[in-house]
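The lines below spell out each chain.
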Amino acid sequence: MTLSLICPTKDPALWVAAIQAIDPKIDLRVWPDDGDKADVTFALVWAQPQGIFSQYPNLKVISSMGAGVDNLLQDGSISAQMTVVRMVDPRLVSQMGDYVLAATLNHVRQFPDYAQHQQQQQWQPLPPPNVDDVTVGVMGLGQIGSTVATRLVQVGFQVVGWSRRPKSIANVQVFAGQQQLSDFLAASEILVCLLPLTAETENILNTETLAQLPKGAYVINVARGHHLVEGELLSLLNKNHLSGACLDVFRQEPLAQDHPFWSHPKITITPHIASLTHPVSVAPQIVENYRRMQQKQPLLNQVDIRRGY
Ligand code: NDP
Ligand code: OXD
């Protein structure tokens, strides 16, 4: 039994070291030099070449190196004998909370306005808003979204959330399903997207939904670029229905050199760094799943392939 790392866009060295530090006996190989593909039963993957899994006749477990599995699940070579699992990393969740708090407070305390005033050497105090007068809407209340919502509550924001199924989170008003989406949007003065990318959520941030946000709303997309219809966001910003956006993810990454987002005065962009899986933090769950696979036990953090997350 062999574990192969298939991650052409990541440096595998830290992952290999983190796994070996827990269990040096695991036969660990790195694609493309992973020897006889028939030995490989467990693949740890990120941005794998599409179609690659058909080369591995005995592959049982495909473990995403990240939380999102949208790219992975598009791979037509995942067969019925393979189980897909993903990372649930407390460190990644906490980093995402930091990012969303930074973006919300940066907007609420008008730092972009003061940056412009500074350039013009303008001493111009603006009325300081209170966080408890601002409602933040979190779309997606899973491992990450529910914790982010709680962090926002702790800072003092009013918080509403939206998920597929109803749920209870202290001090968060939760809306569920398509039938409650409009009420959720109408309440969200700052919208944070933390949905997985699925057939149902692709393009969910579009004219129809964004226009239902209150006038002057601010949009933070930290989920996936394909949630957002970029031209429709630009149009609502240019018409002043939206006051700004903070975007960490894009339909095409890296963002094209001539993309209008680079220079738009109301858009802040970061290069898909809102939070990153940390190999040392997730190595125990990888090794645990490898052991469970060997002992034919249920795996941790399984993905429902049909549901798409
Ligand atoms: P989870 O799978 O734990 O949670 C997903 C949430 O979205 C659940 O609350 C689910 O509802 C809800 N949801 C799914 N589909 C729908 C739908 N059609 N309508 C309404 N709600 C829906 O995901 P995570 O919290 O772990 O991660 C979320 C995403 O964050 C990842 O998929 C990834 O794309 C992104 N991400 C981005 C990073 C970055 O650096 N920018 C880093 C890490 C993740 P329910 O609870 O009812 O099932
Ligand atoms: C992830 C990501 O899904 O980094 O983990 O986007």
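Looking up the protein in an unreviewed UniProt entry gives the name Glyoxylate/hydroxypyruvate reductase A, with the organism given as Adonisia turfae CCMR0081. The UniProt entry for the protein carries the following comment under Sequence similarities (unreviewed entry): "Belongs to the D-isomer specific 2-hydroxyacid dehydrogenase family."

Visitor: Hey, could you run me through the pattern of salt bridges in this one?
Guide: When charged atoms on two side chains of opposite charge get close, those side chains can pair. One pass over the structure, following the stated rule, counts 7 salt bridges. D27 is paired through a salt bridge with R29; the nearest N and O atoms lie 2.9 Å apart. When the shortest N-O distance is used, the salt bridge between R151 and D98 registers 2.6 Å. In this pair, R151 sits in helix α5 (residues 143-155) while D98 sits in helix α3 (residues 90-108), placing the two residues 53 residues apart along the sequence. For D98, a relative accessible area of 40% translates into the label partly exposed. One network of salt bridges, in which partners are shared, links D27, R29 and D39.

Visitor: I tried to follow the site of ligand 1 on my own but got confused; where do I start?
Guide: Neighbouring ligand 1 are 30 residues, the closest being R86, I144, R165, K167 and Y309. A distance of 2.9 Å is found between an oxygen atom of ligand 1 and a backbone nitrogen or oxygen belonging to I144. Out of a free accessible area of 950 Å², ligand 1 has 95% covered by protein chains. Elements supplying a minimum of two residues to the shell around ligand 1: α3, α5 and β7 (158-163). Counting residues per element, the shell around ligand 1 draws most heavily on α5, at 3 residues.

Visitor: I'm lost on helix α9 (residues 279-294) in this one. Help?
Guide: Every α-helical turn comprises 3.6 residues, leaving residues that sit three or four positions apart pointing alike. Between its terminal C-alpha atoms α9 stretches 22 Å, which fits the 22 Å expected from 16 residues at 1.5 Å a residue. Buried residues of α9: P279, V282, A283, Q285, I286, V287, N289, Y290 and M293, and no others. Tucked into the core, α9 has its buried residues touching β1 (2-6), α1 (13-22), β3 (40-45), β4 (61-64) and β5 (83-85). Phi for K296, located one or two positions after α9, is positive at around 55°.

Visitor: Would you take a moment to explain the nonpolar core for this structure?
Guide: Nonpolar side chains tend toward joint burial in soluble globular proteins. Ranked by internal contacts, the top residues of the largest apolar core, which has 32 residues, are L152 and V222. Elements with a contribution of two residues or more to this core: α3, β6 (135-139), α5, β8 (172-176), β9 (190-193) and β10 (217-221). In terms of residues, this core owes the most to one element, α3, which gives 8 residues. Excluding residues that lie within four positions of it along the chain, V222 makes contacts with M96, Y99, V100, V192, C193, L194, D248, V249 and A274. Counting 29 residues, the second-largest nonpolar core is a separate cluster that includes M139, C193, L213 and A223.

Visitor: Looking at this structure, I do not really get a positive patch on the surface. What am I missing?
Guide: A cluster of like positive charges, contributed by R164, R165, K167 and R307, occupies part of the molecular surface. Judged by its relative accessible area of 45%, R165 is partly exposed.

Visitor: How do you make sense of the sheet that holds β3 when you look at a structure like this?
Guide: Each strand in a sheet pairs with its neighbour through backbone hydrogen bonds, running either in the same direction (parallel) or in the opposite one (antiparallel). The parallel open sheet is built from 5 strands, whose spatial order is β2-β1-β3-β4-β5. If you trace the sheet from one side to the other, it starts and ends with β2 (28-30) and β5, each paired once. Each neighbouring strand pair of the sheet contributes to a mean axis angle of 20°, computed without reference to strand direction. Against the sheet, α1 contacts β1, β2 and β3, and its axis sits at roughly 175° relative to β2. Lying on the sheet, α9 is in contact with β1, β3, β4 and β5; it crosses β3 at an angle near 155°.

Visitor: Whenever I open this one, the environment of R307 confuses me. Can you help?
Guide: Mapped onto the elements of the fold, R307 is located in the segment after α9. Under the relative-accessibility criterion, R307 is labelled partly exposed at 31%. For the pair R307 and T209, spaced 98 residues apart in sequence, the C-alpha separation works out to 22 Å. Every residue in contact with R307, bar those within four places of it in the chain, is listed here: R164, R165 and T198.

Visitor: Looking at this structure, I do not really get the pairing of β9. What am I missing?
Guide: When a strand is regular, its side chains alternate between the sheet's two faces. In β9, alternate side chains face the same way, and those of I190 and V192 on one face and L191 and C193 on the other are all buried. Looking at chain direction, β6 and β9 are connected through 4 bridges and run parallel. Each residue of the ladder has a partner; that of G137, found in β9, is L191. Two elements, β9 and β10, share 4 bridges in a ladder whose sense is parallel. Bridging from a neighbouring strand, L191 pairs with V219 of β10.

Thresholds, definitions, all that
Residues numbered from 1 in each chain as written. Chains lettered and ligands numbered in written order. Predicted model: local features only at pLDDT ≥ 70, side-chain atom pairs only at ≥ 80, totals over all residues. Heavy atoms only, no water. UniProt positions renumbered as here; feature names shortened; annotations may be inferred. Salt bridge = Lys/Arg side-chain N within 4 Å of Asp/Glu carboxyl O. Helix = DSSP H or I, 4+ residues; strand = E, 2+ residues; numbered from the N terminus. Buried < 20%, exposed > 50% of the residue type's maximum accessible area, 1.4 Å probe, protein only. Near = heavy atom within 4 Å. Polar contact = N/O pair within 3.5 Å; in protein donor to acceptor, adjacent residues only side chain to side chain. Areas by Shrake-Rupley, 256 points an atom, 1.4 Å probe, with all protein chains shown as cover. Expected span 1.5 Å × (residues − 1). Contact = heavy atoms within 4.5 Å. Core = buried A, V, L, I, M, F, W, Y, C linked by side-chain atoms within 4.5 Å. Patch = residues over 30% accessible without salt bridge, like charges linked within 9 Å, V, L, I, M, F, W, Y side chains within 5 Å. Lys, Arg positive; Asp, Glu negative; His and termini not counted. Charge placed at Lys NZ, Arg CZ, Asp CG, Glu CD. Pairing = 2+ DSSP bridges. Axes fitted to C-alpha atoms, helices over the stretch in contact; angles between N-to-C directions.

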